[in-house]
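Reading the structure
Chain by chain, the residues:
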Amino acid sequence: MMAPTHSRPVEIVGGGLAGLGLALGLRQQGVPVILHEAGRYPRHRVCGEFITSLDAATMEQLALGPHLRDARPASRVTWFHGAHAQHTQTLPTPALCLSRHLLDRRLAQAAMTAGVQLQEGSRVSRQPADGVVFTRGRRPDPSSRWMGLKQHFRGLRLVDDLELHLGQRAYVGLTRIADDRVNVCGLFSRGPAGSGAASAKSLDPFLRRAGLAALADRIAAAQPDPLSFCAVAGLSYAPPAVTTDGLSLGDHFALIPPFTGNGMTVAWQSAALALPHLVAWSRGESSWGKTTAEIRADLTRVLGPRLARARRLHPFLLHPIAQSLLVSAARLNLVPSDRLYRLLH
């Protein structure tokens, strides 16, 4: 695709879902794009690989449809507390399950085919400037005790499309992403010294420390993909940073708690919200100050309430007493699952 000569280029720092999606959307509108990715494609990332409530408009704006063509549909979620299944929920609309390793590779290839100047291994210390968008993932918080772990396994049978296991200051999601491949992704407390992400070698000790021995035994009997194991620390689910310095999208804008299964969708939706404003700026129809102000307003208006509701509910998934109360209420059908789902999505 040839860009009009009058279009100003947009520079994207960060090649995750928000960055790749935004790049594809901009190229559809003829906007020149430079995309910096610190790593190299494809690579595994800590991710639930579970896409909920991805609307048709976002898929069309960012040209995502062809890349999700073989994602596995998922309609039912079974919640576990300890070793026992406690509640089964049918999603209002099916979710999509697909490996990030595969998805990132597809999106990166599509971006290059569309004319994006993709620079892999580019760890730029880019300062805020006109036309620069930051999508470089979460803002690390050294004081946070939360860390994420993820790995793929073969031969791991699931009781439903998605299993969500509540442990002691932890929860873990399991979803099938291919015929015989299951993604296991969990949020854990760092615990004692020496048990952080940097020293993590496998999921097993974290599962057992969280009281999820039965799940650990099931996983131990499966075949792990050692190359898929990854860990990340310093996860913070604080409100979006109040700043007028630079434009941030995706996880760099705010991180939604993973129990929602909505992180991938939020990343793309943030890119879709920014897209028309960035196109207008590229065509010289708006100043950069006005463009960033309008994008921040749209992010706050559309995504802000959803992020706030997820933050309020998140502690119930992590505190042992709150977990027990939540499970008991669910067993008695006192939890309005469908209404909660819609509030979070």
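Remember, it's a predicted structure, so these values are computed and weren't measured experimentally. (Residues numbered from 1 in each chain as written. Predicted model: local features only at pLDDT ≥ 70, side-chain atom pairs only at ≥ 80, totals over all residues. Heavy atoms only, no water.)

Details of helix α6 (residues 263-282)
In an α-helix, one full turn covers 3.6 residues, which means residues spaced three or four apart are oriented alike. With 20 residues, α6 extends 28 Å between its outermost C-alpha atoms, agreeing within 8% with the 28 Å of an ideal straight helix rising 1.5 Å per residue. Of all the bends found along α6, the most pronounced is centred on L275 and spans about 35 degrees, while P276, a proline, follows it within four residues. In terms of burial, α6 is largely enclosed, as 18 of its 20 residues are buried. Looking at the residues trailing α6, positive phi occurs at G284, about 80 degrees. (Helix = DSSP H or I, 4+ residues; strand = E, 2+ residues; numbered from the N terminus. Expected span 1.5 Å × (residues − 1). Bend = angle between axes of the 7 residues up to and from the residue. Buried < 20%, exposed > 50% of the residue type's maximum accessible area, 1.4 Å probe, protein only.)

Structural notes on the side chain of R306
Here R306 is to be found in helix α8 (residues 304-313). At 2.7 Å, the side chain of R306 and the side chain of Q269 are in polar contact. Excluding residues within four positions of it along the chain, R306 makes contact with I256, N262, V266, Q269, L343, L344 and H345. (Polar contact = N/O pair within 3.5 Å; in protein donor to acceptor, adjacent residues only side chain to side chain. Contact = heavy atoms within 4.5 Å.)

Some points on the nonpolar core
L22, L26, W268 and L278 are the most contacted members of the largest nonpolar core, which has 76 residues in total. With 11 residues, the top contributor of residues to this core is α6. What L26 contacts, discounting residues up to four positions off in sequence, is V10, I12, V31, V33, L275, L278 and V279. Formed by 22 residues, the second largest nonpolar core is a distinct cluster that contains L174, A210, A216 and F229. (Core = buried A, V, L, I, M, F, W, Y, C linked by side-chain atoms within 4.5 Å.)

Concerning the state of the cysteines
Per the stated rule, a full pass over the model turns up zero disulfides. Here C230 stays unpaired: no disulfide links it, and the sulfur of C185, its closest cysteine neighbor, is 7.6 Å away. Residue classification places C230 among the buried residues on the basis of a relative accessible area of 14%. (Disulfide = S-S within 2.5 Å.)

Side note on the sheet that holds strand β3 (residues 50-51)
What the eight strands build is an open sheet, ordered β3-β5-β4-β9-β10-β11-β8-β12; its pairing is mixed. Bordering the open sheet on either side are β3 and β12 (223-235), each of which pairs with just one other strand. With two bridges connecting them, β3 and strand β5 (residues 84-97) associate as antiparallel partners. Following the sheet pairing, F50 is matched in β5 by C97. (Pairing = 2+ DSSP bridges.)

A look at α8
Among the residues of α8, those classed as buried are R306, L307, A308, A310 and L313. Each element contacted by the buried residues of α8 is listed here: α6, α7 (288-302) and α10 (337-344).

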